[in-house]
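Coordinate analysis (summary)
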Amino acid sequence: MAASTVRTNLDGKPLNPLTILMIGAGGFIGSHLCEKILQETPHKILALDVYSDKIKHLLEPESLEWAGRIQFHRINIKHDSRLEGLIKMSDLTINLAAICTPADYNTRPLDTIYSNFIDALPVVKYCSENGKRLIHFSTCEVYGKTIGSFLPKDSPLRQDPAYYLLKEDDSPCIFGSIEKQRWSYACAKQLIERLIYAEGAENGLEFTIVRPFNWIGPRMDFIPGIDGPSEGVPRVLACFSNALLRREQLKLVDGGESQRTFVYIKDAIEAVLLMIENPDRANGHIFNVGNPNNEVTVRQLAEMMTAVYANVSGEPALEEPTVDVSSKEFYGEGYDDSDKRIPDMTIINKQLGWNPKTSLWDLLDSTLTYQHKTYAEAIKKVISQPTTS
Ligand SMILES: NC(=O)c1ccc[n+]([C@@H]2O[C@H](COP(=O)([O-])OP(=O)(O)OC[C@H]3O[C@@H](n4cnc5c(N)ncnc54)[C@H](O)[C@@H]3O)[C@@H](O)[C@H]2O)c1
Ligand SMILES: O=C(O)[C@H]1O[C@H](OP(=O)(O)OP(=O)(O)OC[C@H]2O[C@@H](n3ccc(=O)[nH]c3=O)[C@H](O)[C@@H]2O)[C@H](O)[C@@H](O)[C@@H]1O
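This is a predicted model, so every value here is computed, not measured.

Digging into the site of ligand 1
Near ligand 1, the surroundings consist of 26 residues, among which Asp-49, Asn-76, Tyr-185, Trp-215 and Arg-235 are the closest. Ile-29 places a main-chain nitrogen or oxygen 2.8 Å from an oxygen atom of ligand 1. Contact between ligand 1 and Tyr-185: an oxygen atom at 2.7 Å from a side-chain N or O atom of the residue. Starting from 830 Å² of accessible surface for ligand 1 in isolation, the protein chains cover 89%. Mapped by element, the contributors of at least two residues to the shell around ligand 1 are α1 (28–40), β2 (44–49) and α7 (184–203). For the shell around ligand 1, the residue count by class is 16 nonpolar, 7 polar and 3 charged.

Structure representation (structure tokens):
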């Protein structure tokens, strides 16, 4: 960034350098957000996480252009008295910390609820008490299931956007029964959203809530047995990448009929930077951030990833690249699913003028090129090792 450039926000006001406390900076979204802020803005980051592997390249070597603008704090927000001090030192707090892999929601519901609700409480409280701005990461899962999912399969109303389009200020939150522990995450996220909203209404907290719709790209989650637990189940991008790298079949849960819209992480991060730098337009709002043009069923996603990976790796795809598995077998008791997730973009368009750019083919191409370069050799080594009995 040229030192002489005067950066302005969407209303033409000059931008002053901010100190940003980023909680969960060492995760997938945090690592991309740190990169963007360091490369394109003069802001300082206090990066807080229990892990730093995904931002190691930003922390060292110290000779990098942004040395001095990022400081890592290895802190668990569950129990650390330094949290309030860091919030006080910052102009803005961004909270990304969460357990957010669906395999955990029904198998570790207590950890999921504590992580997404209880552990976020002090962050909200300290921001509110100290008059500090908060950008909190929620999820599109707060919408749960669509109204249309309760209609008969052949109902023409299912084609009507009124029955599936997810709107921040209008759509209801529809979860399954309490035994369906899948919804522990969505419910905890919904309650923290309501608490933040109430802090805004009653105590004047300046807040923005982000609802990401399946952001994907490099550094998402982990590859089991390589940089994560060998029995771990990450989100779908990493599950399918892992299978492709190992030349195993991609598992389609309950037929792979659920639909998702995927957005490229680099497009989504542009939206977050707009929120950071335009508080007058972002405060008090909840924003869907997704790409309504990139909708596929999970089965279609598997087919696309198989085709792209064959191209990227130069290895032909398996003759039968996918296999059906039941959700009970894959995730265990208590799993349930969102049927369809299309974000309404009216609010983010109006407030921030943001639109996603990258097609699903293009984002899968760059992401799977990254996965191949990063993991293919390591996987080959693991596979060639004799297994111990
Ligand atoms: N990736 C997506 O598409 C997506 C979609 C919806 C919502 N979200 C939300 O966005 C946020 C970030 O998601 P992500 O994909 O980067 O997940 P991630 O798991 O990669 O990142 C979360 C980070 O928070 C850290 N963390 C968790 N608990 C902590 C604690 N107690 N103290 C300190 N650090 C802690 C983790 O170590 C991790 O680095 C989450 O709140 C998630 O619910 C993400
Ligand atoms: O990314 C989001 O916007 C949100 O949604 C995700 O939830 P989900 O999309 O259900 O999670 P994925 O693991 O990405 O699964 C997507 C779909 O693929 C299916 N799947 C997953 C993995 C697999 O190997 N096979 C498979 O068919 C799942 O059953 C689900 O229908 C996670 O809950 C969160 O990270 C986040 O809040």
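There is more to say, and it comes next.
Some words on the site of ligand 2
Ligand 2 sits among 26 residues. The nearest are Tyr-105, Glu-141, Tyr-185, Asn-214 and Asp-337. Between ligand 2 and Arg-182, the relevant distance is 3.1 Å, taken from an oxygen atom to a side-chain nitrogen or oxygen of the residue. Protein chains shield 96% of the accessible area of ligand 2, which is 700 Å² for the free molecule. Those elements that provide at least two residues to the shell around ligand 2 are α4 (102–105), α8 (236–246), β9 (250–253) and α12 (327–331). For the shell around ligand 2, the residue count by class is 16 nonpolar, 3 polar and 7 charged.

Some words on the state of the cysteines
Tallied over the full model, the rule gives 0 disulfides. Counting only cysteine sulfurs, Cys-34 is the nearest neighbor of Cys-127, a cysteine outside any disulfide, at a range of 17 Å. With no disulfide of its own, Cys-140 lies closest to Cys-100 among cysteine sulfurs, the gap being 11 Å.

Parameters and conventions
Residues numbered from 1 in each chain as written. Chains lettered and ligands numbered in written order. Predicted model: local features only at pLDDT ≥ 70, side-chain atom pairs only at ≥ 80, totals over all residues. Heavy atoms only, no water. Near = heavy atom within 4 Å. Polar contact = N/O pair within 3.5 Å; in protein donor to acceptor, adjacent residues only side chain to side chain. Areas by Shrake-Rupley, 256 points an atom, 1.4 Å probe, with all protein chains shown as cover. Helix = DSSP H or I, 4+ residues; strand = E, 2+ residues; numbered from the N terminus. Nonpolar A, V, L, I, M, F, W, Y, C, P; charged D, E, K, R; others polar. Disulfide = S-S within 2.5 Å.

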